[in-house]
Amino acid sequence: AMAPSNKAHVAVLAFPFSSHPSALFFLARKLSEWAPDVGFSFFCTLKTNGSLSSWPSLPNLRIYDVADGLPEGHVSKGRVDDEIEFFLGATPGNYREAVKRVDEIEKVSCVVSDAFLWFAREMAEEMGVAWVAFWIAGACALSVHLNTDLIRRKIGTRSEEVSARMDESLAFIPGCSQFRVRDLPEGIVFGPLDFSLFKSLHRMSQELPRATAILVNTIEEIDYDPVLDHLRTVLNKCLPVGPLTLLAPTQPDSDSDPHSCLPWLEAGAHDPASVAYVGFGTVIMPPPSELAALAEALEESGVHFLWSLKDNMRESLPAGFLDRTRGRGLVVPWTPQSRVLGHVAVGVFINHCGWNSVLESIAFGVPMIYRPFFADHRINARILSQVLGIAVEVKGGVLTKDGVMDGLDLLLKRKEGKMMRERIGALKLIAKNAVGVWYLVCKVWREDGFLDTDLSQV
Ligand code: UDP
């Protein structure tokens with residue numbers, strides 16, 4: 001073993017599902033580049049670390065595996081919830097063990113973790129160092145999670161009780177009057193509250209107020225002020241550091257264009273701001289009937305469209321749809337989404353209100369039609385339509401032929417759509433400038449002495 005050194009050493013703990021690890025890995029890389037004299041150790045599962053290995057290595061950033069908790073010989077049924085369950089079953093022991101090993105060689109001087117990994121608080125405390133948590137979504141979603149206990153006291157958790165109160169406002173939380181009970185993420189008052197992830201998020205809500213600082217993937221001037229103000233009363237330090245997606249790809253293949261979407265946008269005879277881009281992120285599978293209704297709407301409306309649709313969902317498309325729309329429509333299993341949204345031809349984004357998609361749409365000034373599904377989607381959606389005025393919900397909340405056609409007409413043809421495009425165009429400029437807030441992170445790190453090193457120098 002190496003001799004213990006006095007060098008500052010940051011342990012970064014990542015949550016290994018969906019876009020979480022890429023976000024934490026980006027943070028680790030960014031900090032490693034800024035502070036070449038500080039050591040960084042990144043902890044995640046073997047499988048996820050493998051998917052991050054395409055990045056060029058950095059001399060002061062090392063990657064360590066933690067156990068994924070899967071039983072020997074486990075055969076995946078493709079259900080991510082099962083994998084989460086096994087993984088959480090292995091926490092916090094898997095991280096503790098891995099961190100202990102590196103700490104013995106090079107003393108850890110700060111713990112940075114995904115906010116989901118609430119036990120990092122205790123680990124940091126035992127080592128006598130600061131805990132900085134990273135919340136990869138928006139401020140409003142963070143606020144409702146932090147207020148889980150209050151919401152449970154006010155609304156209850158018995159399903160009859162909750163169902164009767166779905167339309168009540170969350171006005172009892174500062175800044176949350178535009179949200180209704182039904183907009184909450186699953187796991188707060190409805191959904192399977194005993195699912196291990198939801199139990200973890202509840203624990204997280206109790207631990208986060210004790211973190212030295214929380215980094216939030218949002219933009220100060222765009223996210224909702226009253227909510228940020230409230231967060232600042234509850235948390236020790238709350239630093240908006242978004243939009244991360246402008247700085248780093250959210251997926252390993254975010255920028256690749258294997259299906260030639262950009263040449264298609266370039267070559268087709270599309271008017272500026274006329275193409276509908278459709279994409280529901282990397283996780284959800286909209287019901288087949290809704291996909292069919294959406295296809296019918298795209299066909300009948302005559303709009304040009306680009307649709308990111310996984311191959312296993314293609315069978316939901318009406319017979320002959322692809323032939324009949326050939327030339328003005330392109331359906332592919334993967335798009336370089338940010339580059340697509342940045343193309344002048346794209347005029348509207350039909351999406352699920354996944355936080356990265358929302359930030360990308362803002363960053364490229366494309367108004368949205370949304371159909372939220374779960375987690376923070378409904379909270380994000382309300383901010384977009386009620387506060388920012390840059391998106392509309394598909395009528396009735398589910399994808400129907402008429403609802404989608406109305407939305408397309410509103411956004412692409414009518415004055416309201418033009419105004420939304422103007423409003424989101426103004427936010428786009430703010431988003432571009434916000435990228436500079438990363439310096440703020442350095443500044444606070446220095447001033448609060450999380451590390452014995454002056455990050456402002458790098
Ligand atoms: N994405 C992409 N091409 C696709 C589908 C998705 O680049 O065809 C990217 C998209 O740009 C975004 C991320 O995948 O950064 C999806 O994240 P989001 O938070 O919107 O949704 P989630 O996948 O977490 O539901």
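Just so you know, these numbers come straight off a predicted model, no measurement behind them.

Here is what the cut-offs are and how they apply
Once a new chain begins, its residue numbering starts again from 1 and follows that chain's sequence as written. Thresholds applied to this predicted model are a pLDDT of at least 70 for local features of residues and 80 or more for the giving and counting of side-chain atom pairs; totals over whole chains, interfaces and linings are not thresholded and use all residues. With hydrogens and water excluded, all non-hydrogen atoms of the structure serve as input to the side-chain values. Each residue gets one of three labels from its accessible area relative to the maximum for its type: buried under 20%, exposed over 50%, partly exposed in between, using a 1.4 Å probe on protein chains only. In this description a helix means any DSSP run of H or I spanning at least four residues, a strand means any run of E spanning at least two, and both kinds are numbered starting from the N terminus. Directions are taken from the helix axis to each C-beta atom, and the arc is the one they span. Working rule for contacts: check all heavy atoms of both residues, and any pair within 4.5 Å makes them a contact. Put simply, buried Ala, Val, Leu, Ile, Met, Phe, Trp, Tyr and Cys residues joined by side-chain atoms within 4.5 Å make one nonpolar core. Being paired, for any two strands, means DSSP has found at least two bridges between them. Think of each axis as a best-fit line through the C-alpha atoms, taken over the contacting stretch in the case of a helix, with angles from 0 to 180 degrees between the N-to-C directions. What makes a residue near a molecule or strand is one non-hydrogen atom of that residue sitting within 4 Å of it. Under the rule applied, a polar contact is a pair of N or O atoms within 3.5 Å (in protein, one hydrogen donor and one hydrogen acceptor; residues adjacent in sequence only if both atoms are side-chain atoms). The method behind every accessible area is Shrake-Rupley, applied with a 1.4 Å probe, and residues are considered shielded solely by the protein chains displayed. The residue classification treats Ala, Val, Leu, Ile, Met, Phe, Trp, Tyr, Cys and Pro as nonpolar and Asp, Glu, Lys and Arg as charged. All others, Gly included, are polar. Classification of ring pairs uses Phe, Tyr and Trp, with its six-membered ring standing for Trp, and accepts pairs whose centres are within 6.5 Å; under 30 degrees between planes counts as stacked, over 60 as edge-to-face, and the remaining range as tilted. Put simply, a charge is over a ring when the Lys NZ or the Arg CZ is close to the ring centre, within 6 Å, and near the line of the ring normal, within 35 degrees. Within this document, salt bridges are pairs made up of a side-chain nitrogen of Lys or Arg and a carboxyl oxygen of Asp or Glu, the two lying within 4 Å of each other. Each residue after the first adds 1.5 Å to the expected span of a helix. These descriptions rest on fixed angle ranges, namely under 35 degrees for roughly parallel, over 145 for roughly antiparallel, 65 to 115 for roughly perpendicular, and the rest for oblique. What makes a crossing left-handed is the near helix being turned counterclockwise from the far one by less than a right angle; a clockwise turn instead makes it right-handed.

**Brief notes about helix 7 (residues 148-155)**
Those residues of helix 7 that fall on the buried side of the exposure criterion are Thr148, Ile151, Arg152 and Ile155. For helix 7, the buried positions fall inside an angular range of 100° around the axis, keeping them on one side. The secondary structure elements touched by the buried residues of helix 7 are helix 6 (139-146), helix 8 (159-163) and helix 9 (196-207). Of the residues trailing helix 7, Gly156 is marked for its positive phi of about 85°.

**Here we look at the nonpolar core**
Among the nonpolar cores identified, the biggest contains 98 residues, and Leu13, Trp135 and Leu208 are the most heavily contacted of them. Here this core takes 6 residues from helix 6, the largest share from any one element. Residues Ala14, Leu52, Cys110 and Ile136 belong to the second largest nonpolar core, which totals 31 residues.

**Side note on the sheet that holds strand 10 (residues 329-332)**
Pairing in this open sheet of 6 strands is parallel, and the strands run 10-9-8-11-12-13 from one edge to the other. Each edge of the open sheet carries a strand with a single partner, namely strand 10 and strand 13 (391-393). Within this sheet the neighbouring strands show an average axis-to-axis angle of 15°, counted without direction. Relative to strand 10, strand 9 (residues 305-308) is paired through 4 bridges, and the arrangement is parallel. Within strand 10, the residue paired with Phe305 across the bridge is Gly329. Together, strand 8 (275-279), strand 11 (346-351), strand 12 (368-370) and strand 13 form the strand contacts of helix 17 (residues 401-413), whose direction differs from that of strand 11 by roughly 145°.

**Details of the site of the ligand**
What surrounds the ligand is a group of 15 residues, the closest being Thr250, Thr282, Thr335, Ser357 and Glu360. Residue Thr282 places a side-chain N or O atom 2.5 Å away from an oxygen atom belonging to the ligand. Between Gln337 and the ligand, the recorded distance is 3.3 Å, taken from a side-chain N or O atom to an oxygen atom. If the ligand stood free it would expose 540 Å²; the protein chains cover 94% of that surface. Considering each element in turn, the shell around the ligand owes the most residues, 4 residues, to helix 15 (residues 355-363). A class-by-class count of the residues in the shell around the ligand yields 3 nonpolar, 11 polar and 1 charged.

**Details of the side chain of Asn380**
Tracing the backbone shows Asn380 in helix 16 (residues 377-388). Within polar-contact distance, the side chain of Asn380 engages the backbone oxygen of Cys353 at 2.9 Å. Excluding its chain neighbours within four sequence positions, the residues that come into contact with Asn380 are Cys353, Gly354 and Trp355.

**Details of the environment of His259**
Mapping His259 onto the fold places it in the loop between strand 7 (238-240) and helix 11 (261-267). A residue is classified by how much of its surface remains accessible, and His259, at 31% relative accessible area, is partly exposed. In this structure, the C-alpha to C-alpha distance between His259 and Leu330, residues 71 residues apart in sequence, is 9.5 Å. Excluding its chain neighbours within four sequence positions, the residues that come into contact with His259 are Leu330, Val332, Pro333 and Trp334.

**Let's talk about the packing of aromatic side chains**
Overall, the coordinates contain 15 aromatic pairs when judged by the stated rule. Counting every residue linked through ring pairs, the aromatic cluster contains Phe15, Phe17, Phe87, Tyr95, Phe116, Trp118, Phe119 and Trp135. Lying across the ring of Phe373, Arg371 places its NZ or CZ 3.8 Å from the centre.

**Some points on the pattern of salt bridges**
By the definition in use, this model includes 27 salt bridges. In this structure, Glu83 and Lys47 form a salt bridge, with 3.6 Å as the shortest nitrogen-oxygen distance. With Glu83 in helix 3 (residues 80-90) and Lys47 in helix 2 (residues 46-51), the pair connects residues that are 36 residues apart, well separated along the chain. Relative accessible area serves as the criterion here: at 16%, Glu83 is assigned to the buried category. Taking the relative accessible area as the measure of exposure, Lys47 reaches 64% and is therefore exposed. Lys418 is the salt-bridge partner of Glu422, the closest N and O atoms lying 3.5 Å from each other. Residue Glu422 and its partner Lys418 are located together in helix 18 (residues 415-434), separated by 4 residues, close to a single helical turn. The pair formed by Glu422 and Lys418 is uniform in burial state, with each residue classed as exposed.

**A word on helix 9**
Look at helix 9: 16 Å from first C-alpha to last across 12 residues, which is about the 16 Å you get at 1.5 Å a residue. Most of helix 9 sits out of view: 9 of its 12 residues are buried. For helix 9, the full list of buried residues reads Ser196, Leu197, Phe198, Ser200, Leu201, His202, Met204, Ser205 and Glu207. Of the surrounding elements, those touching the buried residues of helix 9 are helix 3, helix 5 (120-127), strand 5 (130-135), helix 6 and helix 7.

**Considerations on the environment of Ser338**
Relative to the assigned elements, Ser338 resides in helix 14 (residues 337-341). Judged by its relative accessible area of 19%, Ser338 is buried. Sequence separation between Ser338 and Leu246 is 92 residues; the distance between their C-alpha atoms is 8.3 Å. Apart from the residues within four sequence positions on either side, Ser338 is in contact with Thr245, Glu360 and Phe364.

**With respect to the packing of helix 6 against helix 10 (residues 225-234)**
Running from N to C, helix 6 and helix 10 point in directions that differ by 45°, and their axes come no closer than 9 Å. With respect to helix 10, the axis of helix 6 lies oblique. Regarding helix 6 and helix 10, the two cross each other, and that crossing is left-handed. Residue-level inspection shows Ala139, Cys140, Leu142, Ser143 and Leu146 of helix 6 in contact with helix 10, the latter providing Val227, Leu228, His230 and Leu231. Residue composition of the contact of helix 6 with helix 10, by class: 7 nonpolar, 2 polar and no charged.

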